[in-house]
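An overview of the molecular structure
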Amino acid sequence: MERKTIVITGASKGIGYAVAEKCVREHKDLQLAICSRHEADILKAKEKLLALNPNASILAMKCDVSDRAQVSRFAQTVQASFGVVDVLVNNAGFGMFKPVHEFSTQEFSSILETNLRGVFLITQEVLPEMRKRRQGTIITIGSLASKNGFAGGSAYCASKFGVRGLMQSLFLEVREQNIRVITIFPGSVDTEFFVDDTAQSIKSNKALKAENIADCVYFCYSLPQYADLSELDIRPTNPKG
Ligand SMILES: NC(=O)c1ccc[n+]([C@@H]2O[C@H](COP(=O)([O-])OP(=O)(O)OC[C@H]3O[C@@H](n4cnc5c(N)ncnc54)[C@H](OP(=O)(O)O)[C@@H]3O)[C@@H](O)[C@H]2O)c1
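An account of the accompanying structure is given in this report. Owing to the predicted nature of the structure, the values given are computational and were not obtained by experimental measurement.

The rules behind the values
Residues numbered from 1 in each chain as written. Predicted model: local features only at pLDDT ≥ 70, side-chain atom pairs only at ≥ 80, totals over all residues. Heavy atoms only, no water. Helix = DSSP H or I, 4+ residues; strand = E, 2+ residues; numbered from the N terminus. Rg over C-alpha atoms; globule rule 2.2 N^0.38 Å. Buried < 20%, exposed > 50% of the residue type's maximum accessible area, 1.4 Å probe, protein only. Lys, Arg positive; Asp, Glu negative; His and termini not counted. Salt bridge = Lys/Arg side-chain N within 4 Å of Asp/Glu carboxyl O. Contact = heavy atoms within 4.5 Å. Near = heavy atom within 4 Å. Polar contact = N/O pair within 3.5 Å; in protein donor to acceptor, adjacent residues only side chain to side chain. Areas by Shrake-Rupley, 256 points an atom, 1.4 Å probe, with all protein chains shown as cover. Phe/Tyr/Trp six-rings, centres within 6.5 Å; stacked < 30°, edge-to-face > 60°. Lys NZ or Arg CZ within 6 Å of the ring centre and 35° of its normal.

Moving on, we come to the overall build of the protein. From N to C terminus, the protein includes 7 helices and 7 strands. Scanning the protein from its N terminus toward the C terminus, one meets helices and strands in the order β-α-β-α-β-α-β-α-β-α-β-α-α-β. For 241 residues, the compact-globule estimate of 2.2 N^0.38 gives 18 Å, and the C-alpha radius of gyration of the protein, at 17 Å, lies within 12% of that figure. The principal-axis extent of the C-alpha atoms belonging to the protein is close to 50 × 40 × 35 Å.

If you want it as structure tokens, here you go:
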């Protein structure tokens, strides 16, 4: 298989890490760039990935996707190290769940800044070169919360509905440049996303595994460049089962 350059945000654990693991297992000749906010965690992820595929070139960087300067630095380092980006996986995100009247402005903004603005910032960094090459794939991890509101989910749903609107528009803007824009909408996935008590209570009995989402990401970008899956829902078959 030809050399691929793949960038994944929020890849120190959970879905992002599972996608990175899928990539290093599937591609002998891989250039992979991963980031998260905590340097020690992302470097540890890099070590684990290299143990799976010592031939992979892996760039692991601390980067908060909500911060324009950090995102630019990350994108510039990726470009200097690897050149072009074939696949961007917008995965970094988090949730906070409580009624609207209990949210502070700062909490509300922080969710939108990571989950929505972060997707915009990194996408904007990789787009010019993809447009120039008339090639590339942008995959974003939305959520079924991109399509359905629920009690306690106001800020998270607002961010994820926003992601869907952003990506539906981008899809129309760049499809004539042969760039694929794909959004995956998972239901509950068993990750550290649900560590706090409120989040835990929202999680359904049965959850998907992070590897299931990684398989979807891999499937989407492995289709021929002329095939764009555009939107994909994945949920537990029987959440009560
Ligand atoms: N778990 C679910 O049920 C579920 C369902 C649907 C969609 N999703 C979406 O899937 C994505 C991944 O979630 P997950 O379940 O894998 O959560 P997770 O296990 O908590 O992992 C989140 C990852 O994102 C990183 N991250 C968080 N904020 C960041 C920021 N501002 N900049 C850079 N990295 C950041 C975290 O590392 P640091 O904390 O070190 O930054 C971590 O690597 C999110 O977008 C989430 O909304 C999850």
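There's plenty left to go through after this.
Glancing now at the side chain of Arg180. Mapped onto the secondary structure, Arg180 falls in strand E6 (residues 180–186). Of the buried charged residues, Arg180 lacks a salt bridge, with Asp228 as the closest side chain of opposite charge at 5.9 Å. For Arg180, the contacting residues outside a window of four places in its chain are Gly136, Thr137, Ile138, Cys220, Tyr221, Leu223, Pro224, Gln225, Ala227 and Asp228.

Looking at the element boundaries, Lys206 is found in the loop between helix H6 (197–202) and helix H7 (210–222). Between the C-alpha atoms of Lys206 and Pro236, which are 30 residues apart in sequence, the distance is 6.7 Å.

What follows is about the pattern of salt bridges. If you walk through the whole model with that rule in mind, you get 12 salt bridges. Between Lys22 and Asp215 there is a salt bridge, and its shortest N-O distance comes to 3.3 Å. Residue Lys22 is located in helix H1 (residues 14–26), and its partner Asp215 is located in helix H7; the two are separated by 193 residues in the primary sequence. In this structure, Asp86 and Arg133 form a salt bridge, with 3.6 Å as the shortest nitrogen-oxygen distance. Taken together, the residues span a long stretch of sequence, with Asp86 in the loop between helix H3 (68–82) and strand E4 (87–90) and Arg133 in helix H4 (residues 105–133) at a distance of 47 residues. Using a relative accessible area of 14% as the deciding quantity, one classes Asp86 as buried. A residue is classified by how much of its surface remains accessible, and Arg133, at 30% relative accessible area, is partly exposed. Salt bridges sharing partners connect three or more residues here, namely Lys22, Glu26 and Asp215.

The next subject is the site of the ligand. The ligand sits among 29 residues. The nearest are Ser12, His38, Tyr156, Val189 and Thr191. Contact between the ligand and Gly10: an oxygen atom at 3.2 Å from a main-chain N or O atom of the residue. In this structure, a nitrogen atom belonging to the ligand sits 3.1 Å away from a side-chain N or O atom of Thr114. Summarising the interface, the protein chains cover 96% of the accessible area of the ligand, which totals 890 Å² for the free molecule. Of all elements in the fold, only H1 and helix H5 (154–174) reach the threshold of two or more residues within the shell around the ligand.

Turning to the packing of aromatic side chains, a few remarks are in order. Enumeration according to the criterion identifies 6 aromatic pairs in this entry. On the basis of an interplanar angle of 80° and a centroid distance of 5.5 Å, the ring pair of Tyr218 and Tyr221 is categorised as edge-to-face. Of the two residues, Tyr218 and Tyr221 are both situated in helix H7; the distance of 3 residues between them amounts to about one turn of the helix. Both residues of the pair, Tyr218 and Tyr221, count as buried. A connected cluster of aromatic rings, assembled from ring pairs, spans Phe97, Phe150, Tyr156 and Phe193. Directly above the ring of Tyr218 sits Lys22, whose terminal nitrogen or CZ lies 5.0 Å from the centroid.

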